[in-house]
Amino acid sequence: NAGVTQTPKFRVLKTGQSMTLLCAQDMNHEYMYWYRQDPGMGLRLIHYSVGEGTTAKGEVPDGYNVSRLKKQNFLLGLESAAPSQTSVYFCASSYPFEPGQGNLALDTGELFFGEGSRLTVL
Amino acid sequence: GENVEQHPSTLSVQEGDSAVIKCTYSDSASNYFPWYKQELGKRPQLIIDIRSNVGEKKDQRIAVTLNKTAKHFSLHITETQPEDSAVYFCAAAGDADGLTFGKGTHLIIQP
């Protein structure tokens, strides 16, 4: 049981290049998320998905696209990388938050994070 | 959308003393308030959470209190230890469509 796995863990890009970050989870979670973490800014939601084939915008979606073709995978794409996208990217997954299900993970809606991907855009 | 303010941004306490981190939120519909701990170079991990039908929750040296009327919640760590040194994030959610996080508090435990 690997939990949430992100690839790659490190990447350096030049301005204008494109790339895709892959997130995979083996916990059968319905919900998946992409956050970016910048110093002093906390964790900001980029895009999220509440199930296979669905995606939605978060707080800072511009410059990113996502896809959820399979329940266990959530891809984050940068079509034309910019220096402002230099950041640490975290993928997370969770069960839906539904109180009273009698299952701790379902009740709490705990986010399970990947190890992070450090992206530098020059 | 939800807006979460977290204070202080840095907190330094002597080992063995207590630490308190405070957060306020804007959306009165929010009903779930978790706290995450992130050690240097590691992923955030849930340490405690509280729902809006509860005023206080405790887990050993960690407690969280919630005041729904004032829209604020706090993390209390007693008898602090060196391994408590980390960045702590509060968050709020009205439903399962993603948490809104505070900007984080860097907790430093002085020996």
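Use the structure listed above.
Figured I'd write up the structure that's included with this text. What you see is a predicted model, and the numbers here were worked out from it, not measured in a lab.

### Considerations on the packing of aromatic side chains
Under the criterion given, the structure shown has 13 aromatic pairs over all chains. The interplanar angle of 35° and the centroid separation of 6.2 Å between the aromatic rings of Tyr 33 of chain A and Tyr 35 of chain A together place this pair among those described as tilted. Tyr 35 of chain A carries the same exposure label as Tyr 33 of chain A, and that label is buried. Here the aromatic cluster, defined as three or more aromatic residues joined through ring pairs, consists of Tyr 33, Tyr 35, Phe 90 and Phe 113 of chain A together with Tyr 36, Phe 89 and Phe 101 of chain B.

### Regarding the sheet that holds strand 7 (residues 65–67) of chain A
All names here are of chain A. Pairing within the open sheet is antiparallel, and its four strands lie in the order 1-3-8-7. If you trace the sheet from one side to the other, it starts and ends with strand 1 (4–7) and strand 7, each paired once. On average, each strand axis in the sheet is tilted by 20° relative to the strand beside it, whichever way the strands run. Pairing analysis gives six bridges linking strand 3 (residues 19–25) to strand 8 (residues 73–78), with the strands arranged antiparallel. Bridge pairing in strand 8 places Thr 20 opposite Gly 77.

### A look at the interface of chain B and chain A
Taken together, the contact between chain B and chain A spans 18 residues of the former and 24 residues of the latter. One can count one salt bridge joining chain B with chain A. In this structure, Arg 43 of chain B and Glu 115 of chain A form a salt bridge, with 3.5 Å as the shortest nitrogen-oxygen distance. Across the contact surface, chain B and chain A share five residue pairs in polar contact (both at pLDDT 80 or more).

### Quick look at the nonpolar core
Membership of the largest hydrophobic core comes to 22 residues, with the highest contact counts inside it found for Tyr 25, Phe 33, Trp 35, Phe 73, Leu 75, Tyr 88 and Leu 107 of chain B. Elements that contribute at least two residues to this core include exactly strand 2 (10–14), strand 3 (19–25), strand 4 (32–38), strand 5 (45–51), strand 7 (62–67), strand 8 (72–77), strand 9 (86–92) and strand 11 (105–110) of chain B. Core analysis: the second largest hydrophobic core is formed by 20 residues, Val 4, Met 19, Leu 21 and Val 66 of chain A among them.

### Describing the state of the cysteines
As enumerated under the stated definition, the model contains two disulfides over all chains in all. Disulfide partner of Cys 23 of chain A: Cys 91 of chain A, at an S-S distance of 1.9 Å. Sign of the S-S torsion, about -75° for the bond between Cys 23 of chain A and Cys 91 of chain A, identifies this disulfide as left-handed. With a gap of 68 residues between them, Cys 23 of chain A in strand 3 and Cys 91 of chain A in strand 9 (residues 87–94) connect regions that are remote in the sequence. Judged by relative accessible area, which is 0%, Cys 23 of chain A ranks as buried. A residue is classified by how much of its surface remains accessible, and Cys 91 of chain A, at 0% relative accessible area, is buried. Between Cys 23 of chain B and Cys 90 of chain B runs a disulfide, and the two sulfur atoms are separated by 1.9 Å. Every disulfide takes its handedness from the sign of the S-S torsion; for Cys 23 of chain B and Cys 90 of chain B that torsion is -100°, giving left-handed. On the criterion of sequence distance, the pair formed by Cys 23 of chain B in strand 3 and Cys 90 of chain B in strand 9 is long-range, its members being 67 residues apart. For Cys 90 of chain B, a relative accessible area of 0% translates into the label buried.

### Considering the pairing of strand 9 of chain B
All names here are of chain B. Within strand 9, six of the seven residues are buried, which leaves the element mostly enclosed by the surrounding structure. Here strand 4 runs beside strand 9; their pairing, made up of four bridges, is antiparallel. Bridge pairing links Tyr 36 to Phe 89 in strand 9. As paired elements, strand 9 and strand 11 share three bridges and run antiparallel to each other. Its bridge partner being in strand 11, Ala 86 is matched across the sheet by Leu 107. For strand 9 and strand 10 (residues 100–101), the ladder comprises two bridges, and the chain directions are antiparallel.

Rules of the game
- Residues numbered from 1 in each chain as written.
- Chains lettered and ligands numbered in written order.
- Predicted model: local features only at pLDDT ≥ 70, side-chain atom pairs only at ≥ 80, totals over all residues.
- Heavy atoms only, no water.
- Phe/Tyr/Trp six-rings, centres within 6.5 Å; stacked < 30°, edge-to-face > 60°.
- Buried < 20%, exposed > 50% of the residue type's maximum accessible area, 1.4 Å probe, protein only.
- Pairing = 2+ DSSP bridges.
- Helix = DSSP H or I, 4+ residues; strand = E, 2+ residues; numbered from the N terminus.
- Axes fitted to C-alpha atoms, helices over the stretch in contact; angles between N-to-C directions.
- Contact = heavy atoms within 4.5 Å.
- Salt bridge = Lys/Arg side-chain N within 4 Å of Asp/Glu carboxyl O.
- Polar contact = N/O pair within 3.5 Å; in protein donor to acceptor, adjacent residues only side chain to side chain.
- Core = buried A, V, L, I, M, F, W, Y, C linked by side-chain atoms within 4.5 Å.
- Disulfide = S-S within 2.5 Å.

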